[in-house]
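Summary of the model geometry
The lines below spell out each chain.
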Amino acid sequence: MTTTETLPRALRGALQGQDLVLGYPRATVVHGVSVELRAGRVTALIGPNGSGKSTVLRSLARLHRIDAGSVRVGGTGGDLEDAAPLSAKEFARRVTLLSQSRPHPSGLEVRDVVAFGRHPHRRRFAPLTDADRAAIDHALDVTGVASMASRPVDQLSGGELQRVWLASCLAQDTGVLLLDEPTNHLDLRYQVETLDLVRDLADHHGTALGVVLHDLNHAASVADEVVLLHQGRVRAAGAPAEVLTADHLSEVYGLPIVSTEDPETGRVRVEPRGKHHRRRD
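How each quantity is defined
- Residues numbered from 1 in each chain as written.
- Predicted model: local features only at pLDDT ≥ 70, side-chain atom pairs only at ≥ 80, totals over all residues.
- Heavy atoms only, no water.
- Pairing = 2+ DSSP bridges.
- Helix = DSSP H or I, 4+ residues; strand = E, 2+ residues; numbered from the N terminus.
- Axes fitted to C-alpha atoms, helices over the stretch in contact; angles between N-to-C directions.
- Buried < 20%, exposed > 50% of the residue type's maximum accessible area, 1.4 Å probe, protein only.

Some details on the sheet that holds strand β2 (residues 27–38)
- On the basis of which strands lie adjacent, the open sheet formed by four strands has the order β2-β1-β4-β5 and antiparallel pairing. Pairing within the sheet leaves two strands with one partner each, and these edge strands are β2 and β5 (80–82). Averaged over all neighbouring strand pairs, the angle between strand axes comes to 25°, with direction disregarded.
- Pairing between strand β1 (residues 14–24) and strand β4 (residues 68–74): five bridges, direction antiparallel. The residue of β4 that forms the bridge with Q16 is R72.

Quick look at unusual backbone geometry
- The backbone of D19 sits at a positive phi, close to 50°, despite the residue not being glycine.
- Its location among the elements puts D19 in strand β1.
- For D173, which is not glycine, the phi dihedral falls at a positive 55°.
- Here D173 is to be found in the loop between α6 (158–171) and β7 (176–180).
- A relative accessible area of 27% means that D173 is categorised as partly exposed.

Here we look at the sheet that holds β7
- Strand order in the open sheet made by the six strands is β6-β7-β8-β3-β9-β10, with mixed pairing throughout. Only two strands of the sheet have a single neighbouring strand rather than two, namely β6 (95–98) and β10 (233–238). Taken over all neighbouring pairs, the strand axes of this sheet differ in orientation by 15° on average, direction set aside.
- Pairing between strand β3 (residues 42–46) and strand β9 (residues 225–230): four bridges, direction parallel. By the bridge assignment, L45 is partnered in β9 with V227.

Function cannot be inferred from these measures alone, as they are strictly geometric.
Structure representation (structure tokens):
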């Protein structure tokens with residue numbers, strides 16, 4: 001069996017959903033959506049509630065049944081390979097997901113929770129190896145939670161616990177990381193730190209990241225590519241400046257939205273205009 005150690009980083013960091021059709025028992029909610037995640041790149045999935053963002057992300061993680069289309073992941077021969085035949089453990093060595101809903105562990109220390117990420121690399125009931133401990137230490141350090149490794153998770157704030165779960169994903173040591181609204185319920189500081197970490201993982205570790213985001217300015221600040229979904233279909237995909245236009249966003253969200261370039265950063269800035277919007281004197 002091939003392990004992640006034998007896969008070049010460019011192949012580990014590759015995941016593709018092709019012509020995905022996804023649904024629930026009484027309705028199809030995603031219609032022929034294609035998404036490609038590449039090493040060292042951040043792809044943001046955006047769109048209104050119900051547009052299919054999280055459903056697409058879960059299908060890429062093999063947690064939502066695919067009615068049509070395929071999911072392909074970086075393989076050993078230089079090509080993407082069908083993810084369906086892979087065992088759960090083998091797939092988990094290549095792709096990990098930080099979902100919105102996670103259990104709140106009790107009676108465990110931070111290091112114990114981060115160690116959960118090593119499960120795909122371990123034999124049942126086997127003790128931690130030196131490689132496991134090194135991966136755990138690295139994940140603790142990268143996410144900035146090394147100083148609280150011995151703290152009970154019951155004592156952590158929501159933002160701190162979010163970073164611990166992210167550290168657990170990093171300890172899994174995959175080439176692809178999927179994040180479903182990672183800034184949700186975080187205060188401003190932790191939002192910024194989380195987005196910085198996402199960018200660092202792409203730039204310095206070659207990770208391929210797929211991120212569902214509601215905040216359009218967050219998407220503009222962190223993503224190399226943005227996929228705008230509307231009613232289960234791709235309305236636009238490309239660089240943030242190409243997708244986050246006033247026309248695209250106003251159409252999809254159903255209200256006036258102004259898109260401008262930030263003079264300091266050169267990035268797109270998005271501002272919705274509600275009925276009480278008024279110019280400051």
